[in-house]
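As a plain string of letters, each chain reads:
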Amino acid sequence: MARIPAVAERDAGPVGRLVYRMARRRFGDVPEPFAVARHHRKLFWAGLVSELAYEKASTLLPAPVRELAVYRTATQVGCSWCVDFGTMLQRLEGLDVDRLRHIDSYATDPLYTHQERLAIAYADAMTTTPMTVTDEQVAELEREFGRAGLVELTHAIALENLRARSNHALGITDQGFSLSCER
């Protein structure tokens, strides 16, 4: 159970209830981070708008590259909610969620492409404390994805660090989204 209770739908206000219904229709349930964030209405809206804008703007990287880097970040931070939700999102995008079981051996597992390995290693380097990102690593990522692609990847990993660390700190745990993935 979260350290701060979710705002119940009846208490979310008319527009909040609309957002809850839209989320339930899209994801099958109201994501608990949405409902917890509803305690601070301005940050709730800021987060919702930024997530939607990020989703629309993230078009340069191949989806598997971006989603695997985000998933890896969630596993490294230890956010069970993010791992759960991220698995469902990958399934909804038509990605192979069975590969997620092998992410710890990404560096040598033939299930992962060269680009995916680079992105996952970058997620590890950005997420560890202190960060271990090197100039050589950034140069290789820029060669592989271009400058804009590198910025997109960096933003995706940084954003997932924000989400995962916030959810983990607030005690928000997995919600069962990945159950439909038969993991």
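This is a predicted model, so every value here is computed, not measured.

Visitor: Before we move on, can you summarise the overall build of the protein chain with the specific residues and values?
Guide: Looking only at helices and strands, the protein chain features seven helices and zero strands. If you list the helices and strands of the protein chain from N to C, you get α-α-α-α-α-α-α. The C-alpha atoms of the protein chain give 17 Å as radius of gyration, which agrees with the globular expectation for 183 residues (16 Å, within 12%). Along the longest, intermediate and shortest principal axes, the C-alpha atoms of the protein chain span 50 × 35 × 30 Å. With 183 residues in all, the protein chain has 43% of them scored as buried. In the protein chain, of all internal contacts separated by at least 6 residues, the share reaching a separation of at least 24 is 69%. Summed over all atoms, the accessible surface of the protein chain reaches about 9,900 Å², with 58% contributed by carbon and sulfur. In the protein chain, 22 positive and 24 negative side-chain charges are present, and the distance between their average locations comes to 9 Å.

Visitor: Can you lay out the packing of aromatic side chains for me, pointing to particular residues and giving the numbers?
Guide: Applying the stated criterion across every chain yields a total of five aromatic pairs. Where Trp81 meets Phe177, the ring centres are 6.1 Å apart and the plane angle is 85°; that geometry is what we call edge-to-face. Placement of Trp81 in helix H5 (residues 80-92) and of Phe177 in the segment after helix H7 (135-169) is noted, with a sequence separation of 96 residues between them. In terms of burial, Trp81 and Phe177 fall into one category: buried. Residues Phe85 and Phe177 carry aromatic rings whose centres are separated by 5.1 Å and whose planes lie at 80° to one another, so their mutual orientation is edge-to-face. Pair noted here: Phe85 is in helix H5 and Phe177 is in the segment after H7, with a separation of 92 residues, a long-range link. One exposure class covers both Phe85 and Phe177, and it is buried.

Visitor: Can you break down the environment of Gln90 residue by residue, with the values?
Guide: Within the secondary structure, Gln90 sits in helix H5. Separated by 40 residues in sequence, Gln90 and Ser50 place their C-alpha atoms 20 Å apart. Residues in contact with Gln90, not counting those within four places in the same chain, are Glu67, Leu68, Tyr71, Leu95, Val97 and Leu100.

Visitor: Lay out unusual backbone geometry with the relevant residues and their values.
Guide: For the bond from Thr129 to Pro130, the omega torsion is -5°, close enough to zero to count as cis. Structurally, the position occupied by Pro130 is in the loop between helix H6 (114-127) and H7.

Visitor: I'd like to hear about the packing of helix H4 (residues 63-77) against H5, residue by residue, with values.
Guide: Relative orientation of the contacting elements H4 and H5 amounts to 165°, with a least axis distance of 9 Å. Compared by their axis directions, H4 and H5 come out roughly antiparallel. Of the two possible hands of crossing, H4 and H5 adopt the one that is left-handed. Contacts between H4 and H5 involve Glu67, Leu68, Tyr71, Ala74 and Thr75 from the first element and Cys82, Val83, Thr87 and Gln90 from the second. Here the contact of H4 with H5 is built from residues that sort into five nonpolar, three polar and one charged.

Definitions and cut-offs
- Each chain carries its own residue numbering, running from 1 in the direction its sequence is written.
- Restriction of local features to residues with pLDDT of at least 70 applies here, the model being predicted, together with a cutoff of 80 or more for giving and counting side-chain atom pairs; totals for whole chains, interfaces and linings are based on all residues.
- Excluded from the side-chain calculations are hydrogens and water; all other atoms, namely the structure's heavy atoms, are used.
- The helix and strand labels rest on DSSP assignments: H or I over at least four residues marks a helix, E over at least two residues marks a strand, and numbering proceeds from the N terminus.
- Our radius of gyration looks at C-alpha atoms and nothing else; its globule reference is 2.2 Å times the residue count to the power 0.38.
- Here's how the labels work: a residue is buried when its accessible area is under 20% of the maximum for its type, exposed when over 50%, partly exposed in between, all with a 1.4 Å probe on protein chains only.
- We call two residues in contact whenever any of their non-hydrogen atoms come within 4.5 Å of each other.
- Each accessible area is a Shrake-Rupley estimate made with a 1.4 Å probe; only the visible protein chains count as cover when residues are assessed.
- This count recognises Lys and Arg as positive and Asp and Glu as negative, with His and chain-terminal groups excluded.
- By convention, charge coordinates are those of NZ in Lys, CZ in Arg, CG in Asp, or CD in Glu.
- Each Phe, Tyr or Trp ring, with Trp reduced to its six-membered ring, pairs with another whose centre is within 6.5 Å; inter-plane angles below 30 degrees give stacked pairs, above 60 give edge-to-face pairs, and intermediate values give tilted ones.
- Here an axis means a line fitted to C-alpha atoms, over the contact stretch when the element is a helix, while the angle between two N-to-C directions is reported on a 0 to 180 degree scale.
- Should an angle lie under 35 degrees it is considered roughly parallel, over 145 roughly antiparallel, and from 65 to 115 roughly perpendicular; all remaining angles are considered oblique.
- Crossing handedness: left-handed means the near helix sits turned counterclockwise from the far one by under a right angle, and right-handed means the same turn made clockwise.
- Residue classes follow a fixed rule: Ala, Val, Leu, Ile, Met, Phe, Trp, Tyr, Cys and Pro count as nonpolar, while Asp, Glu, Lys and Arg count as charged, and any other residue, Gly among them, counts as polar.

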